[in-house]
Amino acid sequence: MSMIWSPKGFVIDKISKDESFWNTNIEPFVTRFYMDSLLPEIINSRFDRGLPIRPGIPEK
């Protein structure tokens, strides 16, 4: 469910899950981000040591 409000009124809309879009576009990106960027920072933080943050997600 999604609701958008403005001073002129509001709209409520049901947003259906698109399994194919999730599996082909979103999940691979999120998995790569977690494995290549977030997890290394959690395990071995560069920020805490005053080092520059890691570059963005490498192209594969």
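Bear in mind that the values here come from a model prediction, so they are computed numbers and not experimental data.

Draft legend 1. Spotlight on the overall build of the protein chain. Helix and strand counts for the protein chain come out as one helix and two strands. Counting helices and strands in the order they occur from the N terminus, the protein chain gives β-β-α. Relative to the compact-globule value of 10 Å for 60 residues, the protein chain shows a C-alpha radius of gyration of 19 Å, a clear excess of over 25%. Seen through its C-alpha atoms, the protein chain measures out along the principal axes to roughly 50 × 30 × 20 Å. Within the protein chain, the proportion of its 60 residues that are buried is 5%. Sequence-distant contacts in the protein chain: of pairs separated by 6 or more residues, those separated by 24 or more amount to 19%. Taken as two groups, the 8 positive and 8 negative side-chain charges of the protein chain have centres that lie 4 Å from each other.

Draft legend 2. Geometry of the side chain of S45. Within the secondary structure layout, S45 lies in the segment after α1 (19–43). Polar side-chain contacts of S45 include one of 2.9 Å to the side chain of E41.

Draft legend 3. Inspection of the pairing of strand β2 (residues 9–13) at higher detail. Alignment of strand β1 (residues 2–6) against β2, held across five bridges, turns out to be antiparallel. Residue pairing in the sheet places M3 in a bridge with I12 of β2. In sequence, β1 turns back onto β2 through a hairpin of two residues.

Draft legend 4. Quick look at a nonpolar patch on the surface. A cluster of nonpolar side chains, contributed by F29, V30, F33, Y34, M35, L38, I42 and I43, occupies part of the molecular surface with about 790 Å² of accessible area. Relative to the elements of secondary structure, M35 occurs in helix α1. For M35, a relative accessible area of 48% corresponds to the partly exposed category.

Draft legend 5. Structural view of the pattern of salt bridges. Under the counting rule described, the total for this entry stands at one salt bridge. E19 is paired through a salt bridge with K17; the nearest N and O atoms lie 3.6 Å apart.

Draft legend 6. Looking closely at the confidence of the model for the protein chain. For the protein chain, per-residue confidence averages 88 on the pLDDT scale, and residues scoring 70 or more make up 92% of the total. Across the protein chain, β2 holds the top mean pLDDT of 95, while α1 sits lowest at 92.

What counts, and where the lines are drawn
Residues numbered from 1 in each chain as written. Predicted model: local features only at pLDDT ≥ 70, side-chain atom pairs only at ≥ 80, totals over all residues. Heavy atoms only, no water. Helix = DSSP H or I, 4+ residues; strand = E, 2+ residues; numbered from the N terminus. Rg over C-alpha atoms; globule rule 2.2 N^0.38 Å. Buried < 20%, exposed > 50% of the residue type's maximum accessible area, 1.4 Å probe, protein only. Contact = heavy atoms within 4.5 Å. Lys, Arg positive; Asp, Glu negative; His and termini not counted. Charge placed at Lys NZ, Arg CZ, Asp CG, Glu CD. Polar contact = N/O pair within 3.5 Å; in protein donor to acceptor, adjacent residues only side chain to side chain. Pairing = 2+ DSSP bridges. Patch = residues over 30% accessible without salt bridge, like charges linked within 9 Å, V, L, I, M, F, W, Y side chains within 5 Å. Areas by Shrake-Rupley, 256 points an atom, 1.4 Å probe, with all protein chains shown as cover. Salt bridge = Lys/Arg side-chain N within 4 Å of Asp/Glu carboxyl O. pLDDT = per-residue confidence, 0-100.

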